[in-house]
Amino acid sequence: MSMIAAFYGGKSILITGATGFLGKVLMEKLFRTSPDLKVIYILVRPKAGQTLQQRVFQILNSKLFEKVKEVCPNVHEKIRAIYADLSQNDFAISKEDMQELLSCTNIIFHCAATVRFDDTLRHAVQLNVTATRQLLLMASQMPKLEAFIHISTAYSNCNLKHIDEVIYPCPVEPKKIIDSLEWLDDAIIEEIAPKLIRDWPNIYTYTKALGEMVVQQESRNLNIAIIRPSIVGATWQEPFPGWVDNINGPNGLIIAAGKGFLRALKATPKAVADLIPVDTVVNLMLAVGWYTAVHRPKSMLVYHCTSGNLNPCNWHKMGVQVLATFEKIPLERAFRRPYANFTSNNFTSQYWNAVSHRAPAIIYDCYLRLTGRKPRMTKVMNQILRTASMLEYFINRSWEWSTYNTEMLMSELSPEDQRVSIAPT
Ligand SMILES: CCCCCCCCCCCCCCCCCCCCCCCCCC(=O)SCCNC(=O)CCNC(=O)[C@H](O)C(C)(C)COP(=O)(O)OP(=O)(O)OC[C@H]1O[C@@H](n2cnc3c(N)ncnc32)[C@H](O)[C@@H]1OP(=O)(O)O
Ligand SMILES: NC(=O)C1=CN([C@@H]2O[C@H](COP(=O)(O)OP(=O)(O)OC[C@H]3O[C@@H](n4cnc5c(N)ncnc54)[C@H](OP(=O)(O)O)[C@@H]3O)[C@@H](O)[C@H]2O)C=CC1
């Protein structure tokens, strides 16, 4: 029997961001491997016209949860959706719900965040920094809390080349930023944002770094660990290979390439493509939760969840694999046959954008107009090129992440847990 799975039996677990990509896979694995857990509290907001209950119903009835329903038929009784908006004071949680959370929670997995690269500084700080501080404050009032697991990103220090499993200080204290956002107006905030983020490539990575500092500063006597995954991709094995439900990270561009829209990308072919499957990240999260609660390390540990040092793949190799897969399994109704070129040269990239992306889109829109239909290709293409330019920073550089803590944890696991757990092969 897995020691980790047994550990979660009977526990009350609080998950933020449970409706997100990582959160859903985490919940699935917990219910499937520890069906005797007591309850999973999830902090959810209504969204896109759906109530909390409708959102939970949709998740539990998705393909991802098919196996769970076999192993844990009463799963809907073990999930307790609590109305919460993490950008509000006290998360807008009712008094009764707050009381229940404070008195019952054993483990917290804090996954919620805004992951948009171009979010406003105000909103990103609210979500990635202030909400983390607020959750830590709640955690400090939970008498039964055994571990608080904070999900950050391997790119929170992407302004460095070699990154250790430590917290690097940001030049401006998070508290100063939180305080100043209270009285500065939006226009001024957006003006000072580039000066604050300095050599971070975007608001997202910068606010995730601030979030880590807050965790360190507000940790009090809590038993905390931080996990930093790199680029999280589709499931590798569990509950079945290839599950993904968003267009973040590489997903959107892979679809655009498969559909024949995207045929060239400004990327450095030899740069390391540090992707990590989402089920591997979840396995590490569960192992870290167990280790932090049971072994109570003296200081807060940071764990890198990356693939580049163990099993490096570069963007060229990745591109070849992606194209080979589309040869075997083509996407439906593709615009053109998939083909793509990685170039690190600015001029060549501009040339390909004009010739291979914008021009065909304009021609196709003319055709749509002439046949009485609504033109849409230029809009789609602009969207793809905008996304590609936002991701450029990450596909033209390589980073080295040390993984001593992750390796140490692996060696602490039972042979059974090692077998089902973390290391990508
Ligand atoms: C031989 C040679 C071979 C060569 C061969 C080559 C082969 C070819 C191969 C090619 C493959 C290789 C590729 C490799 C690239 C890898 C890059 C990886 C880098 C990853 C770095 C990650 C580092 C950090 C990792 C982290 O730490 S984690 C977080 C990562 N964070 C992100 O990845 C967010 C990024 N994105 C945004 O920041 C925003 O997306 C933004 C971009 C600003 C746009 O923003 P905007 O233009 O506003 O557009 P959206 O609103 O987003 O959406 C627009 C529309 O799509 C809709 N839509 C949005 N969602 C969804 C959704 N779910 N489901 C359905 N629809 C959706 C939405 O409804 C809207 O539709 P509409 O309403 O217009 O009809
Ligand atoms: N995906 C990746 O490649 C990587 C992700 N990470 C980290 O992993 C974590 C999870 O990311 P991922 O699952 O991909 O992100 P998603 O965008 O898929 O999920 C974000 C989650 O946060 C919730 N959330 C956002 N704003 C609020 C709010 N105001 N109130 C309540 N909940 C809110 C979302 O809820 P809702 O559904 O209501 O929007 C959603 O459940 C993040 O901390 C991210 O930084 C780290 C490295 C890579």
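Residues numbered from 1 in each chain as written. Chains lettered and ligands numbered in written order. Predicted model: local features only at pLDDT ≥ 70, side-chain atom pairs only at ≥ 80, totals over all residues. Heavy atoms only, no water.

Naming follows an unreviewed UniProt entry, where the protein chain appears as Fatty acyl-CoA reductase of Macaca nemestrina. Regarding the protein chain, the UniProt comment filed under Function (unreviewed entry) reads as follows: "Catalyzes the reduction of fatty acyl-CoA to fatty alcohols." Here is the UniProt Sequence similarities (unreviewed entry) comment for the protein chain, exactly as written: "Belongs to the fatty acyl-CoA reductase family." (UniProt positions renumbered as here; feature names shortened; annotations may be inferred.)

A. Up close: the site of ligand 1. The environment of ligand 1 is made up of 30 residues, and the closest members are Arg-116, Phe-117, Tyr-204, Gly-249 and Gln-383. Contacts to ligand 1 include Gly-249, whose backbone N or O atom sits 2.7 Å from an oxygen atom. Burial of ligand 1 by the surrounding chains reaches 72%, relative to a free accessible area of 1,600 Å². Only α11 (251-258), α13 (315-328) and α15 (377-395) provide two or more residues apiece to the shell around ligand 1. For the shell around ligand 1, the element with the most residues is α15, which contributes 7 residues. (Near = heavy atom within 4 Å. Polar contact = N/O pair within 3.5 Å; in protein donor to acceptor, adjacent residues only side chain to side chain. Areas by Shrake-Rupley, 256 points an atom, 1.4 Å probe, with all protein chains shown as cover. Helix = DSSP H or I, 4+ residues; strand = E, 2+ residues; numbered from the N terminus.)

B. Region of interest: the site of ligand 2. Close to ligand 2 lie 26 residues, the nearest being Thr-19, Arg-45, Arg-55, Tyr-204 and Lys-208. One of the backbone nitrogen or oxygen atoms of Ala-113 is found 3.4 Å away from an oxygen atom of ligand 2. Here Tyr-204 contributes a side-chain N or O atom positioned 2.6 Å from an oxygen atom of ligand 2. In isolation ligand 2 exposes 900 Å². Once the protein is present, 90% of that is buried. Only α2 (21-33) and α10 (203-217) provide two or more residues apiece to the shell around ligand 2. Here the shell around ligand 2 is built from residues that sort into 14 nonpolar, 7 polar and 5 charged. (Nonpolar A, V, L, I, M, F, W, Y, C, P; charged D, E, K, R; others polar.)

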